[in-house]
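Residue-level structural notes
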Amino acid sequence: MKREIYIRLTASVVLILLMVACSQKTEREDMEFSNTPAGNFLSLWTIMDERYCFFDLKKEQLGVDWDEVQERYAASISNEMSSKSLFEVLCSMIGELRDGHVNLTSPYDYGRNWSWKTDYPSNYSADLREKYLGKDYVIAGDGYFYRILDDNIGYLVVESFGSFISSNRINVMFGNMLLCNGLIIDIRDNGGGDLRAAEFLASHFTEKSLPVSYSCYKTGPGHNDFSKLYTNILTPAKEDMRWIKPVVLLTNRGCFSSANDFAFTMKALENVTLMGDTTGGGGGLPMSSELPNGWVVRFSSAPTYDSEMNDVEFGVAPDIRLDMDDDDIKAGKDTYIERARKFINDKLVNP
């Protein structure tokens, strides 16, 4: 019942966000932005100015002054410019925010900034992951694969949170690994998906309800017009098996959006240790709006903070920082997995 209440609460917050978005959209429509390069430019800048949620953070961390951005990019706008040139200028403008949840969709391309991932070492090898999974791994769901390693440690790969793993599949998986000494969960290069899927999986690693994050939403056009903070409670999965043995969660810069949420949620649990690199971030709930010419802009609209009130837009730091070792790679070993195995095995000797 507690989880059902939590899901309803989450849905109600989303409904409030949609209502606020609709009212703000009406206000902007009253301003009658024209379907011209100048009108579309001003429309995009205004949508972001009124509804984007990380301006203070981006100014503090990146030096982004949104008013200065408008002035600078307005100099590149003319009503004689081509539609494609306009798209390039608009993508460059919103790219200043370096936010993976800020995108512009047009017939020309999908404007995006993936510096949260591409500016850092990958710390991941698909070939090595495949080697550790072997040929007889179990497919527990779309994007969920696992096997038991030779030292009796479970190894679960979650490639995406694009779909749920069912309760029955989780119960079978935990039953198969019942005698394992610990579990390694590998979410490296998991770009996210459905936040509810991430929360559902995390709910199988706790036996008590606890606050794992806090969130709020925009209530007006001002950069600091936010609601009060809402506490997000993780509750144990109802009537399902739960894993209370040691867990090591492997992360890299490729973990984004709901994978980022999964990382800070799991980090709040007593039996979980994060190992690897800081995640890629993506701590804002994305929403979308439309320009006069039909192009769609997506943006972060509601900030999230972890259980200790740290902002997670720029990622979640691991408990144990780690990089892939070139000598390990040449030897056919994954540094992350090997270090996680040692960590769990050492816990057996020194609990």
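Right above here is the structure, for reference.
Worth saying up front: this structure is predicted, and the values here are computed from it rather than measured.

**Re the packing of aromatic side chains**
- In the structure shown here, the tally under the stated rule is 14 aromatic pairs.
- Note on Phe-87 and Trp-295: the rings are 5.6 Å apart at their centroids and 85° apart in plane angle, and the pair reads as edge-to-face. Residue Phe-87 is located in helix H5 (residues 83–95), and its partner Trp-295 is located in the loop between strand S11 (284–290) and strand S12 (296–306); the two are separated by 208 residues in the primary sequence. As far as the burial class goes, Phe-87 and Trp-295 line up, both buried.
- On the basis of an interplanar angle of 85° and a centroid distance of 6.3 Å, the ring pair of Tyr-108 and Trp-295 is categorised as edge-to-face. Of the two residues, Tyr-108 sits in the loop between strand S1 (103–105) and strand S2 (110–111) while Trp-295 sits in the loop between S11 and S12, which places them 187 residues apart along the sequence.
- Trp-295 gets classed as buried once you look at its relative accessible area, which sits at 5%.
- In textbook terms, an aromatic cluster arises when at least three aromatic residues are bridged by ring pairs, as seen for Trp-45, Tyr-52, Phe-54, Phe-55 and Trp-66.
- Taking the ring centre of Trp-114 as reference, the NZ or CZ of Arg-112 above it sits at 5.2 Å.

**Some points on helix H9 (residues 195–202)**
- By the criterion of burial, H9 is predominantly enclosed, with 6 of the 8 residues buried.
- Within the sequence span of H9, burial applies to Ala-197, Ala-198, Glu-199, Phe-200, Leu-201 and Ala-202.
- Among the residues of H9, the N-terminal cap falls to Asp-194, whose side-chain oxygen and the backbone nitrogen of Arg-196 are separated by 2.9 Å.

Procedures and definitions
Every chain is numbered on its own, with residues counted from 1 as its sequence reads. Predicted model: local features are reported for residues with pLDDT of at least 70 only, side-chain atom pairs are reported and counted for 80 or more only, and whole-chain, interface and lining totals are derived from all residues. Working from all heavy atoms in the structure, the side-chain values ignore hydrogens and water. The pairing test for Phe, Tyr and Trp rings, Trp by its six-membered ring, is centres within 6.5 Å, and the orientation test on the planes gives stacked under 30 degrees, edge-to-face over 60, and tilted for anything in between. Numbering of helices and strands runs from the N terminus; a helix is a DSSP stretch of H or I covering at least four residues, while a strand is a stretch of E covering at least two. Here's how the labels work: a residue is buried when its accessible area is under 20% of the maximum for its type, exposed when over 50%, partly exposed in between, all with a 1.4 Å probe on protein chains only. Two limits define a charge over a ring: the Lys NZ or Arg CZ must be within 6 Å of the ring centre, and within 35 degrees of the ring normal. In protein, a polar contact means a hydrogen-donor-capable atom and an acceptor-capable atom, both N or O and within 3.5 Å, with residues adjacent in sequence counting only if both atoms are side-chain atoms; elsewhere, any N or O pair within 3.5 Å suffices.

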